[in-house]
Every structure is written in structure tokens, then in C-alpha cells.
Amino acid sequence: MVGSPVPPTRVAVLISGSGSNMAALIDATKADDAPYEVVLVLSNKPDAGGLAVAEAKGVPTAAVDHRPFGKDREAHERAIDAILMEHGVEVVALAGYMRLLTPWLVSRWDGRMLNIHPSLLPKYPGLDTHARAIEAGDTEAGCTVHLVTEGVDEGPALGQAAVPVLADDTPAALAQRVLTAEHRLYPETLAAFCRDR
Ligand code: GAR
């Protein structure tokens with residue numbers, strides 16, 4: 001007997017900047033058997049370049065500026081969460097979302113929130129990952145997609161991709177090489193995650 005087809009998982013992508021990973025996540029949904037659809041792109045920065053990119057791709061967008069909330073990070077997240085609920089979001093993908101999350105939002109999306117980080121975690125959580133890899137003399141760098149937990153960049157890894165560090169690398173050149181790998185890794189890993197749900 002053939003069961004009814006499983007509807008694609010409803011994913012929201014959270015961004016703060018140019019959103020090239022977000023664009024890769026949307027582009028991957030063009031495949032016939034895509035296990036997820038991007039139903040919302042949301043930014044904490046109303047002027048994030050990625051919002052226009054998402055709109056041009058026909059994906060609904062929202063901005064919840066963090067500044068009016070001052071130090072009340074949870075209130076900002078509650079406003080975001082209300083919009084996620086309105087859109088029937090099932091899984092959240094952080095893609096260059098540069099805000100630290102409170103335990104409230106993390107527990108709300110426990111096991112349903114992914115992040116991409118530009119290092120081979122557990123190496124180099126936090127910022128300036130490429131400069132740190134070059135400074136350490138690493139011959140390999142890369143990126144990690146992981147589940148979000150309370151510890152910053154500490155959740156279980158779902159996928160990793162490595163790239164070489166070249167002899168004359170600059171942080172910017174390495175970042176670009178890693179970013180190209182991110183654009184492959186994130187859609188693949190999110191698709192596998194959604195298939196397995
Ligand atoms: C990506 O390299 C992503 O891994 C990184 O920000 C960049 C966003 O680029 N994320 C972090 O550093 C999170 N700690 P994008 O906006 O073009 O996708």
C-alpha cells in the first residue's frame with residue numbers, strides 16, 4: 001500500500017546579513033523531492049541584504065529589530081517566536097544570525113533549531129574563526145551544521161565539511177572558500193535532518 005506523501009517540513013531561516021546560506025537553502029528546495037520548504041526569512045536587522053534576496057525568490061520575510069527591546073533579549077525573541085508560530089514553522093535554521101540566544105528560545109526550539117558555524121567544531125566556537133585557524137597553523141578548516149543548545153556553538157554536530165588552508169591564505173580568502181563549502185553542506189544537512197524527522 002502506498003502511504004500519503006509526507007508534506008515538506010516548514011522551515012524558517014533567521015539571518016542578520018547578506019544571507020548567502022539562506023539563498024542556498026531556498027535554492028535547494030527547487031528539487032522535486034525537497035523534504036523542506038522555506039516559509040519565512042526573518043532578520044533582527046531591518047536593513048539586512050538577505051531580506052531583499054529572499055523577497056526576490058518569492059519567500060515571505062519579516063524583520064524584528066532588536067534595538068527597541070534594549071537589554072530584554074527574551075522579549076525580542078518572544079516577538080520573533082510569535083511570527084514563527086503565525087507561519088506554522090516546524091524547524092528553524094540559523095544562517096548568519098548574529099545574536100546570542102536566551103535559554104528561553106533555545107528550549108522552545110529544542111531539537112528543532114539548526115545553526116551553521118564557520119569552523120570545524122569543537123575548534124573555534126565564537127568569532128574570527130578563519131583568522132584563528134590560520135594563526136594556529138591549521139592545514140584544514142571548514143564548517144559545521146549543528147543543533148542549537150544553550151552553550152554557544154556547542155550542540156551536537158549534524159554535518160561537517162573541510163577545506164584546505166593554503167600557505168598564503170588570508171582570513172578573507174579562507175572565509176570565501178569555507179562559505180562555498182557551507183552552501184553545499186547546509187542544504188544537504190537540513191534536507192537529511194528533515195527526512196529523518
Ligand atoms: C557564514 O559564514 C556563517 O557560517 C557565519 O556567518 C556567515 C553568514 O554568511 N555564521 C556565524 O559566524 C555564526 N556564529 P551569509 O549571511 O552569507 O550566509
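Every value quoted in this text rests on a predicted model; they were computed, and no experiment measured them.

Peer 1: When you look at the site of the ligand in this model, what are you seeing that I'm missing?
Peer 2: Around the ligand, the surrounding shell consists of S18, G19, S20, N21, G96, M98, I116, H117, P118, L179 and E182. Here S20 contributes a side-chain N or O atom positioned 2.5 Å from an oxygen atom of the ligand. Backbone polar atom of N21 to an oxygen atom of the ligand: 2.9 Å apart, as the coordinates give it. Considered on its own, the ligand offers 450 Å² of accessible surface; in the complex 83% of this is hidden by protein. Listed by contribution, the elements that provide at least two residues to the shell around the ligand are α1 (20-27), β5 (113-117) and α6 (171-196).

Peer 1: I would appreciate a short explanation of the sheet that holds β5 in the present structure.
Peer 2: Hydrogen bonds along the backbone pair up the strands of a sheet, which may run parallel or antiparallel. Judged by pairing direction, the sheet is mixed, and its 7 strands sit side by side in the order β3-β2-β1-β4-β5-β6-β7 without closing on themselves. Unpaired on one side and paired on the other, β3 (61-63) and β7 (157-164) mark the two borders of the sheet. When strand polarity is set aside, the average angle formed by the axes of neighbouring strands in this sheet is 20 degrees. Packing against the sheet, helix α3 (residues 73-86) makes contact with β1 (9-15), β2 (36-43), β3 and β4 (91-94), and its axis sits at approximately 150 degrees to β2. Relative to β7, α6 is tilted by about 155 degrees, and along the sheet it contacts β1, β2, β4, β5, β6 (140-147) and β7.

Peer 1: What should I look at first to understand the nonpolar core in this one?
Peer 2: One recurring pattern in soluble globular proteins: nonpolar side chains tend to sit buried together. Within the largest apolar cluster, 36 residues are counted, with the highest numbers of intra-cluster contacts made by V13 and V41. With 9 residues, α6 is the largest single contributor of residues to this core. Apart from the residues lying within four places of it in its own chain, the contact partners of V13 are M22, L25, V38, L40, V41, L42, A93 and A95. Counting 21 residues, the second-largest nonpolar core is a separate cluster that includes I80, V92, Y97 and V106.

Peer 1: Could you clarify how one ought to interpret the pairing of β1 in this entry?
Peer 2: Within a regular strand, the side chains alternate between the two sheet faces. Here β1 lies mainly inside the structure; 6 of its 7 residues are buried. With 7 bridges joining them, β1 and β2 adopt parallel strand pairing. Bridged to I15 within β2 is S43. For the crossover from β1 across α1 to β2, the handedness is right-handed. Taken together, the 4 bridges between β1 and β4 define a ladder with parallel strand orientation. Bridge pairing in β4 links L14 to L94.

What counts and how
- Residues numbered from 1 in each chain as written.
- Predicted model: local features only at pLDDT ≥ 70, side-chain atom pairs only at ≥ 80, totals over all residues.
- Heavy atoms only, no water.
- Near = heavy atom within 4 Å.
- Polar contact = N/O pair within 3.5 Å; in protein donor to acceptor, adjacent residues only side chain to side chain.
- Areas by Shrake-Rupley, 256 points an atom, 1.4 Å probe, with all protein chains shown as cover.
- Helix = DSSP H or I, 4+ residues; strand = E, 2+ residues; numbered from the N terminus.
- Pairing = 2+ DSSP bridges.
- Axes fitted to C-alpha atoms, helices over the stretch in contact; angles between N-to-C directions.
- Contact = heavy atoms within 4.5 Å.
- Core = buried A, V, L, I, M, F, W, Y, C linked by side-chain atoms within 4.5 Å.
- Buried < 20%, exposed > 50% of the residue type's maximum accessible area, 1.4 Å probe, protein only.
- Right-handed = clockwise from strand over helix to strand, strands pointing away.

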